[in-house]
Amino acid sequence: MKFFILLSIITSHYALQTSSESLRSCKFTHAYEVQIINQLPQNPYPLNLHCASSDDDLGFHNLNTNEVFKWGFCESFVHNTLFFCHLKWSFHSKTFDVYTSRMRTECKFGVCYWIAREDGIYFNDNFPNGTSSLTYGWD
């Protein structure tokens, strides 16, 4: 039982960090990064986004065209990491999971790229070189 408590403390300290610093300090799990990229046309409406996990609220952000919001974190020791974002642009919005532990193999090189475009949200595992695929339409 003492081992389980110690393991829980270590896991929560290392696996739930969310900063660029965490990419260098994942001692027991792998480091990942999520990038939200605004490729929407220039107009008076920026891309508004709010991202969070059950442990970390990354706050509200406004991205102008071609701006990027990114963060890094360590995968949970028990592989139950989940980050989600709510994106809003003009009269459109979408809430979706930007990282789950099931996506580990989809995010090549440890980075998940999500690109907001006029027709929806695209996923790319190797931006800008990889192929972006439309994953979600706007609601």
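I will try to describe carefully the structure that is included in this document.

What counts as what
Residues numbered from 1 in each chain as written. Predicted model: local features only at pLDDT ≥ 70, side-chain atom pairs only at ≥ 80, totals over all residues. Heavy atoms only, no water. Helix = DSSP H or I, 4+ residues; strand = E, 2+ residues; numbered from the N terminus. Contact = heavy atoms within 4.5 Å. Pairing = 2+ DSSP bridges. Axes fitted to C-alpha atoms, helices over the stretch in contact; angles between N-to-C directions. Core = buried A, V, L, I, M, F, W, Y, C linked by side-chain atoms within 4.5 Å. Buried < 20%, exposed > 50% of the residue type's maximum accessible area, 1.4 Å probe, protein only. Disulfide = S-S within 2.5 Å.

1. Side note on the environment of L49
As for its placement among the helices and strands, L49 is situated in strand β2 (residues 47-52). Taking the C-alpha atoms as reference, L49 lies 9.6 Å from K94; in sequence the two are 45 residues apart. Not counting chain neighbours up to four residues away, the residues in contact with L49 comprise I36, G59, F60, H61, L63, F69, H86 and L87.

2. Concerning the sheet that holds β2
Read across the sheet, 4 strands follow the order β3-β2-β5-β6 without closing on themselves; strand pairing throughout is antiparallel. Of all strands in the sheet, those bounded by a partner on one side alone are β3 (57-63) and β6 (92-100). The mean inter-strand angle of the sheet, taken between neighbouring strand axes irrespective of direction, is 15°.

3. Some thoughts on the nonpolar core
Grouped together as the largest cluster of nonpolar side chains are 27 residues, with contacts concentrated most on V34, I36, L47, W71, L87, V98 and W114. For this core, the element with the highest residue contribution is strand β5 (residues 82-89), accounting for 4 residues. Once residues lying within four places of it in the same chain are set aside, the contact partners of V98 are V34, I36, W71, F83, F84, C85, M103, C112 and W114.

4. What to know about the sheet that holds strand β8 (residues 120-124)
Read from one edge to the other, the open sheet built from 5 strands follows the order β4-β1-β7-β8-β9, with strand pairing classed as mixed. Pairing within the sheet leaves two strands with one partner each, and these edge strands are β4 (68-74) and β9 (133-136). Each adjacent strand pair in this sheet contributes to an overall mean axis angle of 25°, direction not counted. With 5 bridges joining them, strand β7 (residues 111-117) and β8 adopt antiparallel strand pairing. Bridging from a neighbouring strand, Y113 pairs with N124 of β8.

5. A closer look at the state of the cysteines
Inspection of the entire model under this criterion finds 3 disulfides. In this model, C26 is linked to C74 through a disulfide, with the two sulfur atoms separated by 2.0 Å. On the sign convention where negative is left-handed, the bridge of C26 and C74, at about -90° about the S-S bond, is left-handed. Of this pair, C26 sits in the loop between α1 (2-15) and β1 (31-38) while C74 sits in strand β4, placing them 48 residues apart in sequence. Taking the relative accessible area as the measure of exposure, C26 reaches 17% and is therefore buried.

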